[in-house]
Amino acid sequence: MSGQRSSSKAPEPQLAFAAELRELRRRTLRKPTEEALARKMGCGRSTVSAILNGRRFPNWEHTASLVEACGGEPSRWQDRWLRAGRQIEEATKGPRSPLPPLPLVAGPETPGDALLSAHWYRDNREFYEAASARVRQARSEIRVTYTRRYPPTQYTTRASADYFRTILDWAGEESDDERSVRRIIGIPERDGLPDRDMFSWARQHHEDSKDILNYEANVLRWTPAADGLNMALIDDSVVFLAFSGGPRQRLNGFSVEDPMFMTYFAAYFEQLWAALQPLGTYLGEADGNRTGEPG
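About the cut-offs
- For every chain, the first residue of its written sequence is number 1, and the numbers climb from 1 along that sequence.
- Note on the predicted model: pLDDT of at least 70 is required for a residue's local features to be given, and 80 or more for side-chain atom pairs to be given and counted; whole-chain, interface and lining totals, by contrast, use all residues.
- Just so you know, side-chain values use all the structure's heavy atoms and leave hydrogens and water out.
- Numbering of helices and strands runs from the N terminus; a helix is a DSSP stretch of H or I covering at least four residues, while a strand is a stretch of E covering at least two.
- One less than the residue count of a helix, multiplied by 1.5 Å, gives the span that helix is expected to have.
- Using a 1.4 Å probe on the protein chains alone, a residue whose accessible area is under 20% of its type maximum counts as buried, one over 50% counts as exposed, and one in between counts as partly exposed.
- Here, the arc refers to the directions that run from the helix axis to the C-beta atoms.
- Identification of polar contacts relies on pairs of N or O atoms within 3.5 Å, with a donor-acceptor requirement for protein atoms, meaning one able to donate a hydrogen and the other able to accept it, and with residues adjacent in sequence counted only if both atoms are side-chain atoms.
- The term salt bridge refers to a side-chain nitrogen of Lys or Arg lying within 4 Å of a carboxyl oxygen of Asp or Glu.
- Among buried residues, the Ala, Val, Leu, Ile, Met, Phe, Trp, Tyr and Cys ones that are joined through side-chain atoms within 4.5 Å form a nonpolar core.
- The contact criterion used is simple: two residues touch if any of their non-hydrogen atoms lie within 4.5 Å.
- Any two strands with at least two DSSP-identified bridges between them are counted as paired.

A. Structural view of helix α8 (residues 196-209). With 14 residues, α8 extends 20 Å between its outermost C-alpha atoms, agreeing within 8% with the 20 Å of an ideal straight helix rising 1.5 Å per residue. Among the residues making up α8, those that are buried are Met198, Phe199, Trp201, Ala202, His205 and Ser209. One face of α8 carries all of its buried residues, which in axial projection span an arc of 165 degrees. Regarding α8, its N-cap is Asp195, as a side-chain oxygen of that residue lies 3.1 Å from the backbone nitrogen of Asp197 further along.

See the structure below:
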């Protein structure tokens, strides 16, 4: 839900975009209060204040809701939001990112289509090391999914263990940034009963994370006998997609840095998130409904 936020001086494109939003609000016949905007946007008043004062760059969902609440047409703002996002990325990525330049992926060349910049990861270690590095650089929001047949504790690579620990560490860090981590956990079920290993891991994960105020987890009841497509959305800048299956350690994938590409996966994540139960609620109901041990 949260967009980018800088911990020092905000980039000029971010300040300029905030000024445009303030001007739109100023020209509204009945100028909405920050409280009214927060209700419309589904966030806190402090987030609205940070966006309007240029301390935070909003994601597209917040931008569209704010524009609409101020009497504007969201579709007319999408291009300027994308442009501002690219300018902010260019202004900040140089000294901050140690990652090498990403190779271009061949794509359509018809008018209106753009080439995407992507980085490919050949194995479990490469993927998780790259994802961990970007998690440590995150400014405000991480959205991740975990939909596999086996719990993370059954993957023995150091890189995958570091990745899961890094996300919790980042969520629990003392920071001036308004941080948020949301994870969708797919728990395999058979005949209405959760998989024993995944259920056990989910219970322990809830214990480990329940006191981290900036961390939430929802549960997706997973019935296919196969892994799902997993993703990590970091701020509003980079999408990691992971593909797995077969041997437990087998995993590869790629990452893409593109604001428009991000919007599709962010919308998909939000759609899933809104329909799912919090992890604590799921665990309580599963305990109440079970008549025997999970299979």
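B. Looking closely at the pattern of salt bridges. Taken as a whole and assessed by the stated rule, the structure comprises 20 salt bridges. Of the charged contacts in the structure, one is a salt bridge between Glu141 and Arg182, with a shortest N-O distance of 2.9 Å. In this pair, Glu141 is assigned in strand β5 (residues 141-146) and Arg182 in strand β6 (residues 180-190), connecting sequence segments 41 residues apart. Exposure class is identical for Glu141 and Arg182. Each is buried. Salt-bridge contacts for Glu207 lead to Lys210; the nearest nitrogen and oxygen are separated by 3.1 Å. The class of Lys210 is partly exposed, set by a relative accessible area of 45%. In this structure, a network of salt bridges that share partners links the residues Glu141, Arg143, Arg182, Asp236 and Glu270.

C. Examining the nonpolar core more closely. Core analysis: the largest hydrophobic core is formed by 38 residues, its most contacted members being Tyr163, Tyr215 and Phe240. A per-element tally of this core places helix α7 (residues 158-172) first, with 7 residues. Discounting residues that sit within four places of it in the chain, Tyr163 has contacts with Tyr128, Ala131, Ser132, Val135, Val144, Arg183 and Ala232. The next biggest cluster of nonpolar side chains, apart from the first, holds 21 residues, and it includes Phe17, Leu24, Leu37 and Val67.

D. Looking closely at the pairing of β6. Where burial is concerned, most of β6 is hidden: 10 out of the 11 residues are buried. Where β5 meets β6, 6 bridges bridge the pair, whose relative direction is parallel. For Tyr146, the partnering residue across the bridge sits in β6 and is Ile185. Where β6 meets strand β8 (residues 215-222), 8 bridges bridge the pair, whose relative direction is parallel. Opposite Val181, over in β8, you have Tyr215 as the bridge partner. Here β6 folds back onto strand β7 (residues 193-194), and the loop between the two strands holds 2 residues, one of which, Asp191, carries a positive phi near 55 degrees.

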